[in-house]
Number of protein chains: 2
Amino acid sequence: MTTEHSTRRLGAPDSRTRAILVDAAEQLLLDEGYAAVTSRRVGSAAGLKPQLVHYYFRTMDDLFVEVFRRRAEENLGRFERMVAGGCSIADLWRFNADLRGARFNIEFAALANHRKAIRTEIARYAERFRAAVLEALGAALAAAGVDPERVPPVVALLVMTGLSQVMAIEGELGVSAGHAETTAFVEDLVARLGDHG
Amino acid sequence: MTTEHSTRRLGAPDSRTRAILVDAAEQLLLDEGYAAVTSRRVGSAAGLKPQLVHYYFRTMDDLFVEVFRRRAEENLGRFERMVAGGCSIADLWRFNADLRGARFNIEFAALANHRKAIRTEIARYAERFRAAVLEALGAALAAAGVDPERVPPVVALLVMTGLSQVMAIEGELGVSAGHAETTAFVEDLVARLGDHG
DNA sequence: GTCTATACTTCGATAGAC
DNA sequence: GTCTATCGAAGTATAGAC
């Protein structure tokens, strides 16, 4: 994460303990927000001493970046495997509408507000993911006979992303008015596009 | 904020100093994220002693709730004044697409993740605001001749909200691919609807 | 209404023993 | 690789003088 060198020892990246710490940090982040991810609480949640966090990660930011990166890579991998087998607009919508990652995204968006290293990491991933989805969505829309002049794929992508994001955030707050209706609307639209292709 | 009573003194709600503290807290929240909103930093930013924060607010949560509530009321007031004079779909889109509140929303969405008092406050406001916008948007869509059976107003509302939200979050990260194109698309659509009505 | 003083907790991080 | 021990900084909150 950083190029400065210090005399401090650092644990191996493939360590089992290290993975456990990342698991604990991710769980804390999801359950209680990023402010709860402290070396003491991560250690405790993992059943280990907090100093081990500093043995495996130079700083807490390094730990956050690792939590993010691990999930991002996993997500990107899943997406690429789905696309490789050929995928419909409905598949793309379902992948996108997965609520599992919503809280995760909110926390990291907030974190990115004031932690430079994390913002950089998120931006890099967001662009990679964006490009991958755009390519798949463009192909799927073309197959469904949608004129890209009339509905640019990138617009459809942003609408799709925005919809699932806003429903996820509101869902967490307990506000769900119109969600069922909107989901039904999108699924109907997507099904009709599927019939065409 | 709370019904427990303690012996501690509390400053007047209409105090000038209190307003300055809320200003400072809001600025810190926007600039550096909610984790930066501590009694020490708020006091320092306001040029006052941190203990004054505790004189005006029983807990830091009370301060957060006040920051949120003040802005929410102001926002709702502005919206209602706009609607009172009659408003078009374009007006609604512009109001919604105001990026100024994006960071604010992200921070509070993250805060709501783990602070019950704040979540309750946000949910209450979100529902009020949602109802107000829905009413205005429903009327504007009807005036533009949009069939509510074909495009339910609540769906249009969620699309609108989602779009501006996702563009705001990405914009903060420095990811802006497709944003200009999407904004142009929406503005064109909205203008065409305006011509009809 | 604002201050000093202070209690107590938790934080990130490091050094060095085993 | 994991532990004990420890530092200094920062956090929330309260009591009481002025």
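Please read these numbers as outputs of a predicted model, since none were measured by experiment.

The full set close to DNA strand D counts 18 residues, and Arg9(A), Gln51(A), Arg8(B), Ser39(B) and Arg40(B) are the nearest of them. The protein-proximal atoms of DNA strand D, defined as those within 4 Å of the protein, are 49% sugar or phosphate. Contact between DNA strand D and Tyr55(A): a phosphate oxygen at 2.9 Å from a side-chain N or O atom of the residue. Contact distances for DNA strand D include 2.5 Å between a base nitrogen and a side-chain N or O atom of Arg40(B). With four residues, the top contributor of residues to the surface near DNA strand D is helix 3 (residues 51-56) of chain A. Residue classes in the surface near DNA strand D are distributed as four nonpolar, eight polar and six charged.

How large an interface is tends to be reported as the accessible area lost when its parts come together. Opposite the 44 residues of chain A that make contact, chain B presents 44 residues. Roughly 3,600 Å² is buried in total at the junction of chain A and chain B, and carbon and sulfur atoms are behind 64% of that figure. It is Asn113(A), Leu158(A) and Leu173(A) that lose the most area in chain A upon contact with chain B, and together they represent 17% of the buried surface on that side. Counting across the interface, chain A meets chain B through two salt bridges. In this assembly, chain A and chain B are joined by ten residue pairs in polar contact (both at pLDDT 80 or more). Top element by residues in the side of chain A that touches chain B is helix 8 (residues 153-173) of chain A. It accounts for 14 residues. Split into classes, the residues belonging to the side of chain A that touches chain B amount to 23 nonpolar, ten polar and eleven charged.

To characterise two packed helices, one gives the angle between the axes of the helices and the distance between these axes. All names here are of chain A. Remark: helix 1 (residues 16-32) packs on helix 2 (residues 39-46), axes separated minimally by 9 Å, with the N-to-C direction vectors making an angle of 110°. Regarding the angle of helix 1 to helix 2, the classification is roughly perpendicular. The hand of the helix 1/helix 2 crossing is right-handed. From helix 1, Ile20, Leu21, Ala24, Ala25, Leu28 and Glu32 reach across to helix 2, where they touch Arg41, Val42, Ala45 and Ala46. In terms of residue class, the contact of helix 1 with helix 2 is made up of eight nonpolar, no polar and two charged.

Of all residues adjacent to DNA strand C, which total 18 residues, the nearest are Arg8(A), Ser39(A), Arg40(A), Arg9(B) and Gln51(B). The share of sugar and phosphate among atoms of DNA strand C within 4 Å of the protein is 50%. Within the backbone of Met60(A), an N or O atom sits 3.2 Å from a phosphate oxygen of DNA strand C. Within the side chain of Tyr55(B), an N or O atom sits 3.2 Å from a phosphate oxygen of DNA strand C. Looking at the surface near DNA strand C, the elements that each hand over two or more residues are helix 2 and helix 3 of chain A together with helix 3 (51-56) of chain B.

Each value, and the rule that gives it
Residues numbered from 1 in each chain as written. Chains lettered and ligands numbered in written order. Predicted model: local features only at pLDDT ≥ 70, side-chain atom pairs only at ≥ 80, totals over all residues. Heavy atoms only, no water. Near = heavy atom within 4 Å. Polar contact = N/O pair within 3.5 Å; in protein donor to acceptor, adjacent residues only side chain to side chain. Helix = DSSP H or I, 4+ residues; strand = E, 2+ residues; numbered from the N terminus. Nonpolar A, V, L, I, M, F, W, Y, C, P; charged D, E, K, R; others polar. Contact = heavy atoms within 4.5 Å. Buried area = accessible area lost by both parts, 1.4 Å probe. Salt bridge = Lys/Arg side-chain N within 4 Å of Asp/Glu carboxyl O. Axes fitted to C-alpha atoms, helices over the stretch in contact; angles between N-to-C directions. Parallel < 35°, antiparallel > 145°, perpendicular 65-115°, else oblique. Left-handed = near helix turned anticlockwise from the far one by under 90°.

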